[in-house]
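# Structural overview for review
Here is what each chain is made of, one letter per residue.
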Amino acid sequence: MTEAVIVSTARSPIGRAFKGSLKDLRPDDLSAQMVKAALDKIGLDGDTVDDLHWGCAEPSHKAGSNMARVIAVLAGYDKLPGTTVNRFCASSVQTTRMAYHAIKAGEGDIFVSGGVECVSQYQSFAGAGGVDNDAMNPLFADAQARSAEMARSNETWTDPREQGLLPDVYLAMGQTAENVATSRGMDRLRMDEWGVRSQNRAEEAIKAGFFEREIIPVTLADGTVVSADDGPRAGVTLEAVQGLKPVFREQGVITAGNCCPLNDGAAAVVVMSDTKAKELGLTPLARVVATGVSGLSPEIMGMGPVEASRKALANAGMSISDMDLYEINEAFAVQVLASADDLGMDEDKLNVHGGAIALGHPFGATGARITTTLLNGLSATDGTFGLETMCVGGGQGMAIIYERLS
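Described below are features of the structure shown in this document. Throughout this document, residue positions are counted from 1 along each chain, in the order its sequence is written. At least 70 in pLDDT is required for a residue's local features to be given in this predicted model, at least 80 for side-chain atom pairs to be given and counted, and no such filter applies to totals for whole chains, interfaces and linings, which use all residues. To get the side-chain values, all heavy atoms of the structure are used, and hydrogens and water are removed first.

### Overview of the state of the cysteines
The disulfide criterion is simple: two cysteine sulfur atoms within 2.5 Å. By the definition in use, this model includes zero disulfides. With no disulfide of its own, Cys259 lies closest to Cys260 among cysteine sulfurs, the gap being 5.9 Å. Partly exposed describes any residue whose relative accessible area lies between the buried limit of under 20% and the exposed limit of over 50%, with all areas from a 1.4 Å probe on protein chains only and scaled to the type maximum. Judged by its relative accessible area of 8%, Cys259 is buried. Considering cysteine sulfurs only, Cys89 is the nearest to Cys391, which forms no disulfide, with 6.2 Å between them. What makes Cys391 buried here is its relative accessible area of 1%.

Following this line, the structure appears as structure tokens:
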């Protein structure tokens, strides 16, 4: 049976939104550099690719006009079709899933998957996975009023469906994290400890040259070359993080030290049939084993990785103990820890080189960035199987399992 394999990856440095190294770069220009880099690594002409699947969580304004096709033309590949995909934070996991499915269906052999988010270039910003007020369905007005009251009182989250009410599908991500914290009874200390661990692990990885193996330097309009992530901080301590004030609720537990920042970045993955890779003389990095997607209440979207991972593992006929490494996107420490608890994960195998709290979370690019880091990590630790999973705005989860081949 034909398999879908990863033959190349390329991810940009991750910049801090509005004030970082990539703040003036358009998302299509940044993306074109990553798509071209991923293909150049294996000497492949983009015009021979069947399709470009490109993720973006807010595909409008400078990221609009079916940005994927714009990227293809910018990169010089006039014959490369493209589609722009939005599944919020999991957009560039979805793009790889689409390529995987197309290859399995025999409808193509070569795809470029990936995504971008340049929050610095947003025309307006309503929050990760949020929307502007004029786009909100007024039928959710009561749900939003309930959410506002819960935020003021910091009461323990309960499912509004039990009271015959709609859940707040537009709830800001920080508020969903506070809901997970209250419903799980998780204290801030554990979250802060994870935030510090993420920074410390990223610092160690940088010193070891780990990220140099996956980052493609980006050239800015003025010729400046950016080659390192903006986010990781050296020497972060628990004492410093515990001094930070809550961001979303006056009585809350989510702070800048235990959640991800806003970011700019892009990442690309070349997905190919194993028969085409063999024909071209390419050595696959990994095989796509299985995927899973799930839905849950939008108000506790952070728990999305649990059911999505269980589905992916079931589809693969595997268990969590079969995984050598796993990555849960660190939108918030609380949802990483709660999801890991429910899945029975070993924290020593989780986000071992740091996660989004340190590195950053450019929404549409994060799925492909994590794929790149996970495969890099499996190679560095001589592991075989890796699970990537994340929560998704609006109340979803997504997961994908890889088998390292080289």
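That was the structure; now back to the text.
### Structural notes on the nonpolar core
Ranked by internal contacts, the top residues of the largest apolar core, which has 43 residues, are Met323, Phe332, Val334 and Met345. Helix and strand assignments follow DSSP, with helices taken as H or I runs no shorter than four residues and strands as E runs no shorter than two, numbered in order from the N terminus. Contributions of two or more residues to this core are made by helix H5 (173-184), helix H6 (188-207), strand S9 (286-295), helix H9 (304-316), strand S10 (325-328), helix H10 (333-343), strand S11 (385-392) and strand S12 (396-404). No other element matches the seven residues that H10 contributes to this core. We define a nonpolar core as any set of buried Ala, Val, Leu, Ile, Met, Phe, Trp, Tyr and Cys residues linked to one another through side-chain atoms lying within 4.5 Å. Counting residues in each nonpolar core, the second largest holds 40 residues, with Met34, Ile110, Ala268 and Met272 among its members.

### Overview of the side chain of Asp168
Of note, Asp168 is situated in the loop between helix H4 (141-153) and H5. An unpaired buried charge is present at Asp168: no salt bridge exists, and Arg146, the closest side chain of opposite charge, is 7.9 Å distant. A 3.5 Å cut-off defines polar contacts: any pair of N or O atoms within that distance qualifies, except that in protein one atom must be a possible hydrogen donor and the other a possible acceptor, and neighbouring residues in sequence count only when both atoms are side-chain atoms. Of note is the side chain of Asp168, whose polar atom sits 2.9 Å from the side chain of Ser147. A contact between two residues is defined here by any heavy atoms of the two lying within 4.5 Å. Not counting residues within four places of it along the chain, the set of residues in contact with Asp168 comprises Ala143, Gln144, Ser147, Pro298 and Glu299. The sign given to each residue is positive for Lys and Arg and negative for Asp and Glu; His and the chain ends receive no count. Every case where a carboxyl oxygen of Asp or Glu lies within 4 Å of a side-chain nitrogen of Lys or Arg is listed as a salt bridge.

### Brief notes about the packing of aromatic side chains
Think of it this way: a Phe, Tyr or Trp ring, Trp meaning its six-membered ring, pairs with another when their centres are within 6.5 Å, and the plane angle makes it stacked under 30 degrees, edge-to-face over 60, tilted otherwise. Inspection of the entire model under this criterion finds three aromatic pairs. A centroid spacing of 5.1 Å and a plane angle of 85 degrees characterise the contact between Phe210 and Phe211, whose relative ring orientation is edge-to-face. For the pair Phe248 and Phe332, a centre-to-centre distance of 6.4 Å together with 70 degrees between the ring planes defines the contact as edge-to-face. You can see Phe248 sitting in the loop between helix H7 (238-242) and strand S8 (263-273) and its partner Phe332 sitting in the loop between S10 and H10, a full 84 residues away along the chain.

### Describing unusual backbone geometry
Phi angles above zero are rare outside glycine, and Ser65 is one such case at about 55 degrees. Of note, Ser65 is situated in the loop between strand S3 (51-55) and helix H2 (67-74). The class of Ser65 is exposed, set by a relative accessible area of 70%.

### What about H4?
Between its first and last C-alpha atoms H4 spans 19 Å; for 13 residues at 1.5 Å apiece the expected length is 18 Å, and the two agree. Taken as a whole, H4 has its buried residues at Ala143, Arg146, Ser147, Met150 and Ala151. Looking down the long axis of H4, one finds its buried residues gathered within 140 degrees of arc, a one-sided arrangement. Exposed residues on H4 whose side chains face more than 90 degrees from its buried face are Asp142 and Arg152. Against the buried residues of H4 lie H5. In the stretch just after H4, Asn154 is the one whose phi turns positive, near 55 degrees. By this rule the span expected of a helix is its residue count minus one, scaled by 1.5 Å. Think of the arc as the fan of directions from the helix axis to the C-beta atoms.

### A closer look at the pattern of salt bridges
Applying the stated criterion to the full structure yields 18 salt bridges. Of the charged contacts in the structure, one is a salt bridge between Glu299 and Arg146, with a shortest N-O distance of 3.1 Å. Taken together, the positions of Glu299 in the loop between S9 and H9 and Arg146 in helix H4 put the pair 153 residues apart, joining distant regions of the chain. Just as Glu299 is buried, Arg146 falls in that class too. Across the salt bridge formed by Lys276 and Glu279, the nearest N and O atoms sit 3.2 Å from each other. Placement of both Lys276 and Glu279 in helix H8 (residues 274-280) is noted, with a separation of three residues, approximately one turn of the helix. For Glu279, a relative accessible area of 58% corresponds to the exposed category. A single network of salt bridges, built from pairs that share partners, joins Glu3, Lys104, Arg287 and Glu403.

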